[in-house]
Amino acid sequence: MSAEVLSIENLRLNFSTEHGTLYALRGVDLRVGRNEVVGLVGESGCGKTVLGLSVLGLNPMPPAELLEGSRILFTGRDVAGLTQNELTLIRGTGISMIFQEPMTSLNPVFTVGEQIAESLRLRLQREKAEKAARSGSAAIEDEVLDALRLVRIADPERVAHRYPHELSGGMKQRVMIAMALAAKPSLLVADEPTTALDVTIQAQILRLMRDLMREVQTSILFITHDLGVIAEIADRVAVMYAGQIVEEANVHELFREPLHPYTQGLLASLPRLSDLDKEIEQLPGSVPDALSPPEGCSFHPRCRHVMNECLTIPPKLVTPRSGHKVACHLYQK
Amino acid sequence: MSLFDKSELKLTGTYLLKNKLSLAGGVVAAAYLALAVVVALTGDFLLPHDPYVQNFAEALQAPSLVHPFGTDDLGRDIFTRVIAGAPFDAQIAFVVVLVSLALGGSVGAFAGYLGGRIEEAMMRITDIFLSFPALVLAMAVAIAIGPGLTNSMMALLVVWWPWYARIARGEALSVKSSQYIEAAHAAGLSEFQVVVRHVLPNILMPLLVYATLDISNVILTGSILSFIGLGAQPPQPEWGRMVFDGQDYLASAWWMSVIPATAIFVVVLAFSLFGDGLRDAFDPKLRRR
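Not measured: the values here are computed from a predicted model. (Residues numbered from 1 in each chain as written. Chains lettered and ligands numbered in written order. Predicted model: local features only at pLDDT ≥ 70, side-chain atom pairs only at ≥ 80, totals over all residues. Heavy atoms only, no water.)

## Points about the pairing of strand 5 (residues 71-74) of chain A
Residue and element names in this part refer to chain A.
Thinking step 1. In this structure, strand 1 (residues 4-17) lies alongside strand 5, joined through four bridges in antiparallel fashion. In the sheet register, Ile-8 faces strand 5, and the bridge partner there is Ile-72.
Thinking step 2. Relative to strand 6 (residues 77-78), strand 5 is paired through two bridges, and the arrangement is antiparallel. Of the residues in strand 6, the one forming a bridge with Phe-74 is Arg-77. (Pairing = 2+ DSSP bridges. Helix = DSSP H or I, 4+ residues; strand = E, 2+ residues; numbered from the N terminus.)

Listed below in structure tokens is the structure:
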């Protein structure tokens, strides 16, 4: 078995809509190693969430459709070829997901403790430790409290009996993380888990996730549009644009020396404390319509280095430097 | 609006207490139910007279101290018969409403949640039931399976569950798109588990409120079935049947029909008022008037 937990190869996924075919993912290649945090960054609508959902097989099919040749290997097994029942067995205990809105991701009619217990019981059932699953609520209750302690909740006994609306956003997101981790997944897909939180809570949650990853030995695919968040949490970063990965590198390398004009533009558009007077740069144009993505390089209408071949030939992902991949004609040799 | 939330329930409770009319309805409805349960448990033991024994010497007597509601054409004490009749309609109402709630609620929840062809098939079936006037369909079913108390309950059930299915489906549709449902999927729950553990608890509240309002409808329709001879059979002291028995004597002995009719009226009104209050109390928008 490979050292990779997740290996996505040439993932192409379309949605058929009233207005025609929507090309959501157009040949994505991405790997997540064991105990690695891979950040996936991109603008709204570039396909980040769809990618996250397809790892768990959660895109409704139809309208979604995986194209021939798409492979999503989770610990060597192709998720794309699994039946619904097999997928259900992987979800939770194999791959778990944290969603963007902690406010609405918890069921309003159950206490937080009950919801964590549900995910614990699921794991125990699957581990065939049926004795433990039945042996009772006391053991489960202890584990629920442990799960809450793991996410640094100060008084787990009290919080476990609370309903979601009685908790703050940050607390809810901690509970979501506790739920996801209670199932002991090998891969955690975190879809903008901090976007709905304010900056201080965001920093706390990020630090927590970073620490937890070491404690419970899980890999994370971290989806966000926030480069600041990526810099804080990720080991490796993949930049996504219009359903494709345009650049992928170690986090330090990417921030120090972005190769793709899109990444350069993104980084240049970050406000910096050091030069507040300077006008913030802005990427001209907007994300292309996924119904009719531009020919050639999908970034060419907004690119300042646009060349002739960009208009017709889609650039391949090349490796101009070790560990640094980019899909741009500037580096194709 | 969550079902098991204590502070919310407290708020609902205080509002309910403030609504005097609804409170009165609740008290009368509770008294009626208590009476029905006591009579059903003790049988004829506590009744002042025997509700079934005929005594032609005392037939058609006007209300008096001995017979507060008078006697009927067969000399039976109407006060006794009205009390003895309490459990019949209560039983009909609760069986029909609870079974409809369970059956219709599940059908609707699964239909709304699963969507696609299953939903289409299930909801078209409910549409077929809903396209007949409730009473006419119930009558047709009751005639087909024969008159009687149990059969009239069956007939009512056939007519009643589609309404619950329709409400449950609508609620399930709105719950379906919630993120906690997607999160439940991501956590590895099967479709069945998602519906039972996450969809049903979230759609229960509106169904329960509808059910309390609906009890009065069932009582009314149930007594109509008895009135036209398809429900309780003589000599059972069912109120609707008693109204029917008295209509030949309306000019001479009005109390034979009017008294049981008043009993039906009071109980139906009580449940309606209580249900109305309950609905308002559970709706935060109506509550903050």
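## What about the packing of helix 7 (residues 169-182) of chain A against helix 8 (residues 199-216) of chain A?
All names here are of chain A.
Thinking step 1. Running from N to C, helix 7 and helix 8 cross one another at 15 degrees; their axes reach a closest spacing of 11 Å. Taken as axis vectors, helix 7 and helix 8 run roughly parallel relative to one another. Where helix 7 crosses over helix 8, the two elements pack in a sense that is right-handed. Residues Gly-170, Gln-173, Arg-174, Ile-177 and Leu-181 of helix 7 touch helix 8, and the partners they reach there are Ile-201, Gln-204, Ile-205, Leu-208, Met-209, Leu-212 and Val-216.
Thinking step 2. Here the contact of helix 7 with helix 8 is composed, by residue class, of eight nonpolar, three polar and one charged. (Axes fitted to C-alpha atoms, helices over the stretch in contact; angles between N-to-C directions. Parallel < 35°, antiparallel > 145°, perpendicular 65-115°, else oblique. Left-handed = near helix turned anticlockwise from the far one by under 90°. Contact = heavy atoms within 4.5 Å. Nonpolar A, V, L, I, M, F, W, Y, C, P; charged D, E, K, R; others polar.)

## Focus: the interface of chain A and chain B
Thinking step 1. Facing 25 residues of chain A, the contacting portion of chain B comprises 19 residues.
Thinking step 2. Summing both sides of the interface, chain A and chain B together bury roughly 1900 Å²; the carbon and sulfur share of this comes to 57%.
Thinking step 3. Area buried by chain A at its contact with chain B is led by Phe-99, Val-109 and Glu-118 of chain A, which between them contribute 29% of it.
Thinking step 4. Between Arg-197 of chain B and Glu-118 of chain A there is a salt bridge, and its shortest N-O distance comes to 3.0 Å.
Thinking step 5. On the surface where chain A and chain B come into contact, there are eight residue pairs in polar contact (both at pLDDT 80 or more).
Thinking step 6. If you list the elements that add at least two residues to the side of chain A that touches chain B, you get strand 7 (95-98) and helix 3 (112-126) of chain A. (Buried area = accessible area lost by both parts, 1.4 Å probe. Salt bridge = Lys/Arg side-chain N within 4 Å of Asp/Glu carboxyl O. Polar contact = N/O pair within 3.5 Å; in protein donor to acceptor, adjacent residues only side chain to side chain.)

## Digging into the environment of Ala-238 of chain A
Residue and element names in this part refer to chain A.
Thinking step 1. Note on placement: Ala-238 falls in strand 10 (residues 236-241).
Thinking step 2. Along the backbone, Ala-238 and Leu-254 are 16 residues apart, and their C-alpha atoms lie at a distance of 9.2 Å.
Thinking step 3. When residues no more than four places from it in sequence are discounted, the contact partners of Ala-238 are Leu-30, Gly-39, Leu-40, Val-41, Ile-245, Glu-247 and Glu-248.

## Considering unusual backbone geometry
Thinking step 1. Looking along the chain, the bond that leaves Pro-234 of chain B and enters Pro-235 of chain B is cis, with omega of 10 degrees.
Thinking step 2. Within the secondary structure, Pro-235 of chain B is located in the loop between helix 8 (191-227) and helix 9 (239-246).
Thinking step 3. A positive phi is found at Asn-10 of chain A, a non-glycine position, where the angle reads about 45 degrees.
Thinking step 4. With respect to the helices, strands and loops of the structure, Asn-10 of chain A is situated in strand 1.

## Notes on the pairing of strand 12 (residues 318-321) of chain A
All names here are of chain A.
Thinking step 1. When strand 12 meets strand 13 (residues 324-326), the two strands line up antiparallel, connected through two bridges. Paired with Val-318 across the two strands is Val-326, which belongs to strand 13.
Thinking step 2. Here strand 12 hands over to strand 13 after two residues, with Gly-323 in that stretch at a positive phi of 75 degrees.

## A look at the layout of surface pockets
Thinking step 1. Taken as a whole, the largest pocket holds about 910 Å³ of empty space.
Thinking step 2. In terms of lining, the largest pocket is formed by 32 residues, of which the most central are Leu-58, Asn-59, Pro-60 and Met-61 of chain A together with Glu-191 of chain B.
Thinking step 3. Here the lining of the largest pocket gets five residues from one element, more than from any other, and that element is helix 2 (residues 84-90) of chain A. (1 Å grid on protein atoms, 1.4 Å probe; cavity = no way out; pocket = protein on both sides within 12 Å on 5 of 7 lines; lining within 4 Å. Points joined across faces, edges and corners; volume = space filled by probe spheres on them.)

## Concerning helix 9 of chain B
Each α-helix turn comprises 3.6 residues. Residues three or four places apart therefore point the same way.
Residues and elements named next belong to chain B.
Thinking step 1. Of all eight residues that make up helix 9, six are buried, and the element is covered over most of its length.
Thinking step 2. Restricting attention to buried positions, one finds in helix 9 the residues Trp-239, Gly-240, Arg-241, Met-242, Val-243 and Gly-246.
Thinking step 3. In this structure, the buried residues of helix 9 make contact with helix 2 (20-42), helix 3 (78-114), helix 8 and helix 10 (255-282).
Thinking step 4. With a side-chain oxygen positioned 2.7 Å from the backbone nitrogen of Gly-240, the residue opening helix 9 is Glu-238. (Buried < 20%, exposed > 50% of the residue type's maximum accessible area, 1.4 Å probe, protein only.)

## Looking at the confidence of the model for chain B
Thinking step 1. Across chain B, the average pLDDT comes to 87, with 94% of residues at 70 or higher.
Thinking step 2. Here the complex is predicted with pTM 0.74, and the ipTM for its interfaces comes to 0.73. (pLDDT = per-residue confidence, 0-100.)

## Things to note about the pattern of salt bridges
All names here are of chain A.
Thinking step 1. Going through the model one piece at a time under the given rule, you end up with 27 salt bridges over all chains.
Thinking step 2. Across the salt bridge formed by Glu-36 and Arg-236, the nearest N and O atoms sit 2.7 Å from each other. Within this pair, whereas Glu-36 is found in the loop between strand 2 (20-33) and strand 3 (37-41), its partner Arg-236 is found in strand 10, the two being separated by 200 residues in sequence. Comparing Glu-36 with Arg-236, the two get one shared label, buried.
Thinking step 3. The closest approach of N and O atoms between Asp-155 and Arg-158, which form a salt bridge, is 2.7 Å.
Thinking step 4. Take Arg-158: its relative accessible area is 45%, and that puts it in the partly exposed class.
Thinking step 5. Taken together, the shared-partner salt bridges in this structure form one network comprising Glu-4, Glu-9, Arg-31 and Arg-71.

## Notes on the nonpolar core
Generally speaking, nonpolar side chains in soluble globular proteins are found buried as a group.
Thinking step 1. If you look at the biggest cluster of nonpolar residues, it comprises 98 residues, and the most contacted ones within it are Leu-30, Ile-116 and Met-209 of chain A.
Thinking step 2. Broken down by element, this core gets its largest block of residues, eight residues, from helix 7 of chain A.
Thinking step 3. Those residues in contact with Met-209 of chain A that sit more than four places away from it in its chain are Ile-98, Ile-177, Leu-188, Ala-190, Pro-193, Ile-220, Phe-222 and Ile-233 of chain A.
Thinking step 4. Residues Ala-90, Ala-138, Trp-160 and Leu-189 of chain B belong to the second largest nonpolar core, which totals 60 residues. (Core = buried A, V, L, I, M, F, W, Y, C linked by side-chain atoms within 4.5 Å.)

## Observations concerning helix 2 of chain B
Thinking step 1. Spanning 23 residues, helix 2 of chain B covers 33 Å between terminal C-alpha atoms, matching the ideal 33 Å at 1.5 Å per step.
Thinking step 2. Looking only at helix 2 of chain B, the buried set comprises Ser-22, Gly-25, Gly-26, Ala-29, Tyr-32, Ala-36 and Val-39 of chain B. (Expected span 1.5 Å × (residues − 1).)

## Description of the sheet that holds strand 7 of chain A
All names here are of chain A.
Thinking step 1. Read across the sheet, eight strands follow the order 7-8-9-3-10-11-13-12 without closing on themselves; strand pairing throughout is mixed. Each end of this open sheet is capped by a strand with a single partner; those strands are strand 7 and strand 12. On average, each strand axis in the sheet is inclined to that of its neighbour by 20 degrees, with strand direction left out of account.
Thinking step 2. Sheet topology note: the strand 11 (residues 244-250)/strand 13 ladder contains two bridges and is antiparallel. Directly across from Glu-248, in strand 13, lies its bridge partner Lys-325.
Thinking step 3. The strands touched by helix 8 are strand 3, strand 7, strand 8 (187-191) and strand 9 (219-224); relative to strand 9, the strand with the most contacts, the crossing angle is about 160 degrees.
Thinking step 4. Helix 11 (residues 261-268) rests against strand 10 and strand 11 of the sheet, and its axis sits at about 105 degrees to strand 10.

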